[in-house]
Amino acid sequence: MRIGIRAHDMEQAPFEELVKNIHKKGFFCTHIALKKSIQEFSVDEEAMTPGMALYMKQVFAENKVDVAVLGCYLNLANPNPEKLRKIIDTYKAHIRFAAWLGCGVVGTETGAVNEEYRYEEANHSEEALQIFIQNVKEVVTYAEKMGVVLAIEPVYKHIVYNNQRARQVLDAIASPNLQIIFDPVNQISLKNYTKQDEIIQSAFELLGKEIAVIHAKDFIIENDMVKSVAAGKGQFHYEPLIKLIKEKKPFIHVTLEDTVPENVFEAKGYLEELYAKA
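Everything numeric here is computed off the predicted structure, so don't read it as measured data. (Residues numbered from 1 in each chain as written. Predicted model: local features only at pLDDT ≥ 70, side-chain atom pairs only at ≥ 80, totals over all residues. Heavy atoms only, no water.)

Caption draft 1: Geometry of the overall build of the protein. Counting its regular elements, the protein contains nine helices and ten strands. Relative to the compact-globule value of 19 Å for 278 residues, the protein shows a C-alpha radius of gyration of 18 Å, a close match. Across the 278 residues in the protein, those meeting the buried criterion constitute 55%. Restricting the contact set of the protein to residue pairs at least 6 apart, pairs at least 24 apart contribute 75%. A total accessible area of about 12600 Å² is found for the protein, and carbon and sulfur atoms account for 50% of it. Counting 32 positive and 39 negative side-chain charges, the protein places the centres of these two groups 4 Å from one another. (Helix = DSSP H or I, 4+ residues; strand = E, 2+ residues; numbered from the N terminus. Rg over C-alpha atoms; globule rule 2.2 N^0.38 Å. Buried < 20%, exposed > 50% of the residue type's maximum accessible area, 1.4 Å probe, protein only. Contact = heavy atoms within 4.5 Å. Areas by Shrake-Rupley, 256 points an atom, 1.4 Å probe, with all protein chains shown as cover. Lys, Arg positive; Asp, Glu negative; His and termini not counted. Charge placed at Lys NZ, Arg CZ, Asp CG, Glu CD.)

Caption draft 2: Molecular detail of the sheet that holds strand β10 (residues 253-256). Within the closed barrel, the eight strands sit side by side as β1-β2-β3-β4-β5-β6-β7-β10. Their pairing is parallel. The average angle at which neighbouring strand axes cross in this sheet is 30°, direction not considered. Note: strand β7 (residues 211-216) against β10, four bridges, orientation parallel. Directly across from A216, in β10, lies its bridge partner L256. (Pairing = 2+ DSSP bridges. Axes fitted to C-alpha atoms, helices over the stretch in contact; angles between N-to-C directions.)

Caption draft 3: Quick look at the pairing of strand β9 (residues 225-229). Looking at chain direction, strand β8 (residues 218-222) and β9 are connected through five bridges and run antiparallel. Bridge assignment links I221 to a residue of β9, and that residue is V226. Taking the residues between adjacent antiparallel strands as the criterion, β8 and β9 are bridged by two residues, where N223 takes a positive phi near 55°.

Caption draft 4: Structural view of the pairing of strand β4 (residues 105-108). Burial along β4 is two-sided: the face carrying V105 and G107 and the face carrying V106 and T108 are both buried. One ladder, built from three bridges, connects strand β3 (residues 66-71) with β4; its direction is parallel. Note that in β4 the partner of V69 across the bridge is V105. The pairing of β4 with strand β5 (residues 150-152) spans three bridges and is parallel. Bridge pairing in β5 links G107 to A151. Crossover β4 to β5 through helix α5 (residues 126-146) is right-handed. (Right-handed = clockwise from strand over helix to strand, strands pointing away.)

Caption draft 5: Structural detail: helix α4 (residues 81-101). Between its first and last C-alpha atoms α4 spans 30 Å; for 21 residues at 1.5 Å apiece the expected length is 30 Å, and the two agree. Listed as buried for α4 are L84, I87, I88, T90, Y91, K92, A93, H94, I95, F97, A98 and L101. Against α2 (34-37), α3 (50-62), β3, β4, α5 and β5 lie the buried residues of α4. For α4, the capping residue at the N-terminal end is N80, with a side-chain oxygen 3.0 Å from the backbone nitrogen of E82. Directly after α4, the chain includes G102, whose backbone phi takes a positive value near 75°. (Expected span 1.5 Å × (residues − 1). Polar contact = N/O pair within 3.5 Å; in protein donor to acceptor, adjacent residues only side chain to side chain.)

Caption draft 6: A look at the pattern of salt bridges. Going through the model one piece at a time under the given rule, you end up with 21 salt bridges. E257 is the salt-bridge partner of R6, the closest N and O atoms lying 3.8 Å from each other. Here the residue R6 occupies a position in strand β1 (residues 2-6), and E257 occupies one in the loop between β10 and α9 (264-277), the gap between them amounting to 251 residues. Judged by relative accessible area, which is 14%, R6 ranks as buried. Here E222 makes a salt bridge to K227, at a shortest N to O gap of 3.5 Å. Taking the relative accessible area as the measure of exposure, E222 reaches 35% and is therefore partly exposed. (Salt bridge = Lys/Arg side-chain N within 4 Å of Asp/Glu carboxyl O.)

Caption draft 7: Fine view of the nonpolar core. Grouped together as the largest cluster of nonpolar side chains are 85 residues, with contacts concentrated most on I32, M56 and L271. Per element, the largest residue contribution to this core is nine residues, and it comes from α5. Excluding residues within four positions of it along the chain, M56 makes contact with F15, I32, L34, I38, F97 and L101. The next biggest cluster of nonpolar side chains, apart from the first, holds eight residues, and it includes C29, V105, V149 and I181. (Core = buried A, V, L, I, M, F, W, Y, C linked by side-chain atoms within 4.5 Å.)

Caption draft 8: Representation of unusual backbone geometry within the structure. Residues other than glycine seldom take positive phi values, yet K64 does so here, at roughly 55°. Mapped onto the fold, K64 is located in the loop between α3 and β3. Notably, A174 is not glycine yet its phi reads approximately 50°, a positive angle.

Caption draft 9: Highlighting the packing of aromatic side chains. Counted under the stated rule, the structure contains ten aromatic pairs. Relative to Y55, the ring of F15 lies with its centre 5.8 Å away and its plane at 55°, an arrangement referred to as tilted. Of this pair, F15 sits in helix α1 (residues 15-24) while Y55 sits in helix α3; the two residues are 40 residues apart in sequence, bridging distant segments of the chain. What makes F15 buried here is its relative accessible area of 0%. An aromatic cluster is present here, built from F15, F41, Y55 and F60 joined pairwise through their rings. Across from the ring centre of Y275, 5.0 Å away, lies the NZ or CZ of K246, which sits over that ring. (Phe/Tyr/Trp six-rings, centres within 6.5 Å; stacked < 30°, edge-to-face > 60°. Lys NZ or Arg CZ within 6 Å of the ring centre and 35° of its normal.)

Here's what the structure looks like:
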């Protein structure tokens, strides 16, 4: 595995220092959401030029840090037409930037049928799925033109809420430029947390060829809710996932989530120890 971390889970620092710190902590890659990670210069769409991308690319290269994921987590099923148009344009700006930056994928979740981007039962409807497919198709078509991969991340509360639903989207779009970020914890709910091994297995059976990145965190059940925590701090069964990664996905980018600077080495060490034993 090439283990990495979300840039905004690091100690806040100027961009060049941030990337140096990612390398110093022993990480090989990062998942960066520009506005969450960079404060000292503008990362608005008008600032996302080839010059900025190539400057950032040089800093990452000097520190031997891959950009595994350029995050653009906006609602591609927003029912407000004006807001949806702006969202799609923002995805296109990130795709252009990713082409210049040379990152692994542009990453996104899969939306909700409301402007607030919140869970409601209608998110799991067939109508919602068709809305998402229609809207993401335009983004993927643009990604094809730019030679960039868009990777969707199934999340229980969103429209693409499980592996089966993700397979439907992949088949409907039928493009090598649409792939998967697999975060098994994001698919877990109070209804299915006892079936987590099945979630892992079905992901590799249904989506194996398209899994481009793994997100690594853990979960606990607290106050009748699924709460995300750092890897190794909860109830997630990492052994079967690590075994499949080692067997089928050598050198895949695996980025930690929901860590803080105080527990990041423990989470990283936990995964590395499991991988050594697998």
